[in-house]
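Survey of secondary and tertiary structure
The chain contents come next:
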Amino acid sequence: YVGFLLSVKAREYVGCDPSPVAHAGLEKARAALCGFAESDKAAQFIEQPFEEADISGEFDFALTSPPYFDVEVYAGDDTSSMRYPKFDIWVQGFYLPMMRKVAAHLKQGAVFALQVGSQSYPLAQIAIDNAKACGLELIEKRNAGMNNTIQQTPEDKAEAILILRKF
């Protein structure tokens, strides 16, 4: 959201999170920062699971770092790992639908930056393997520079940013 506010070209922002805590934080940020933003910028914060959210329009860019199934604990009963308590069910119920929905709302040729960690689950590889079926092509896999040196996370399991493009 802060990146959107600082952008010269961006005019519309849609953020979606089922957590009431995250939603309240975004509303607090809006109240604190909206006076500093250009007046024609519009931001919408949806407090709902992304896979069910009513989103309209086409976008030039999408960015997300979705939950890594049960690796992180988020507040709220509607979080994806609470709704889909087994990893394979989570992939089919949340992760792949999220990718398809993002692609459906991107303009042709628009970019989707997906940041994922694969420390516990092969999230980057699942996204790469399913990108084409979701209407996306992998442009690049970047290391996010967030290797866990305490646990000696190997680079292939470290945080990655997948740069995907809608075809």
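Keep in mind that what you see is a predicted model, and the values were worked out from it rather than measured.

What the protein chain contains, in helices and strands, is five helices and six strands. Going residue by residue from the N terminus, the α and β elements of the protein chain occur as α-β-α-β-β-α-α-β-α-β-β. Relative to the globule expectation of 15 Å for 167 residues, the C-alpha radius of gyration of the protein chain, 16 Å, shows essentially globular dimensions. Viewed in the frame of its principal axes, the protein chain has a C-alpha envelope of about 45 × 35 × 30 Å. Scored against the burial criterion, the 167 residues of the protein chain give a buried share of 38%. In the protein chain, the share of contacts with a sequence separation of at least 24, taken over all contacts with a separation of at least 6, comes to 74%.

In this section: the side chain of K101. Among the structural elements, K101 can be located in helix α4 (residues 87–104). Despite being buried, K101 has no salt bridge partner; D54 is the closest side chain of opposite charge, sitting 7.0 Å away.

Once that is clear, we can look at the sheet that holds strand β5 (residues 136–143). Read from one edge to the other, the open sheet built from four strands follows the order β3-β4-β6-β5, with strand pairing classed as mixed. Of all the strands in the sheet, just β3 (59–64) and β5 have a single pairing partner and so form its edges. Along the sheet, successive strands turn relative to each other by an average axial angle of 15 degrees, direction set aside. Sheet topology places β3 next to strand β4 (residues 106–116); five bridges connect them, and they run parallel. The residue bridging A62 from the neighbouring strand is F112, located in β4.

This part takes up the nonpolar core. The biggest cluster of nonpolar side chains holds 34 residues, and the ones touching the most others in it are W90, Y95, M98, F112, L114 and L136. Every element with two or more residues in this core is listed here: β3, α4, β4, α5 (123–130) and β6 (160–166). The leading source of residues in this core is α4, at ten residues. If near-sequence neighbours (up to four positions away) are discounted, Y95 is found in contact with P66, W90, L114, V116, L123, A124, I126 and A127.

Further remarks concern the environment of G145. Inspection of the secondary structure assignment puts G145 in the loop between β5 and β6. Judged by its relative accessible area of 63%, G145 falls in the exposed class. For the pair G145 and S56, spaced 89 residues apart in the sequence, the C-alpha separation amounts to 33 Å.

Here the focus is the state of the cysteines. Applying the stated criterion across every chain yields a total of zero disulfides. The structure places no disulfide on C16, whose sulfur is separated from the nearest cysteine sulfur, that of C134, by 17 Å. Given the relative accessible area of 25%, C16 is considered partly exposed. According to the relative accessible area criterion, C134 is buried, its value standing at 8%.

What counts as what
Residues numbered from 1 in each chain as written. Predicted model: local features only at pLDDT ≥ 70, side-chain atom pairs only at ≥ 80, totals over all residues. Heavy atoms only, no water. Helix = DSSP H or I, 4+ residues; strand = E, 2+ residues; numbered from the N terminus. Rg over C-alpha atoms; globule rule 2.2 N^0.38 Å. Buried < 20%, exposed > 50% of the residue type's maximum accessible area, 1.4 Å probe, protein only. Contact = heavy atoms within 4.5 Å. Lys, Arg positive; Asp, Glu negative; His and termini not counted. Salt bridge = Lys/Arg side-chain N within 4 Å of Asp/Glu carboxyl O. Pairing = 2+ DSSP bridges. Axes fitted to C-alpha atoms, helices over the stretch in contact; angles between N-to-C directions. Core = buried A, V, L, I, M, F, W, Y, C linked by side-chain atoms within 4.5 Å. Disulfide = S-S within 2.5 Å.

So yeah, pure geometry; function would need other evidence.
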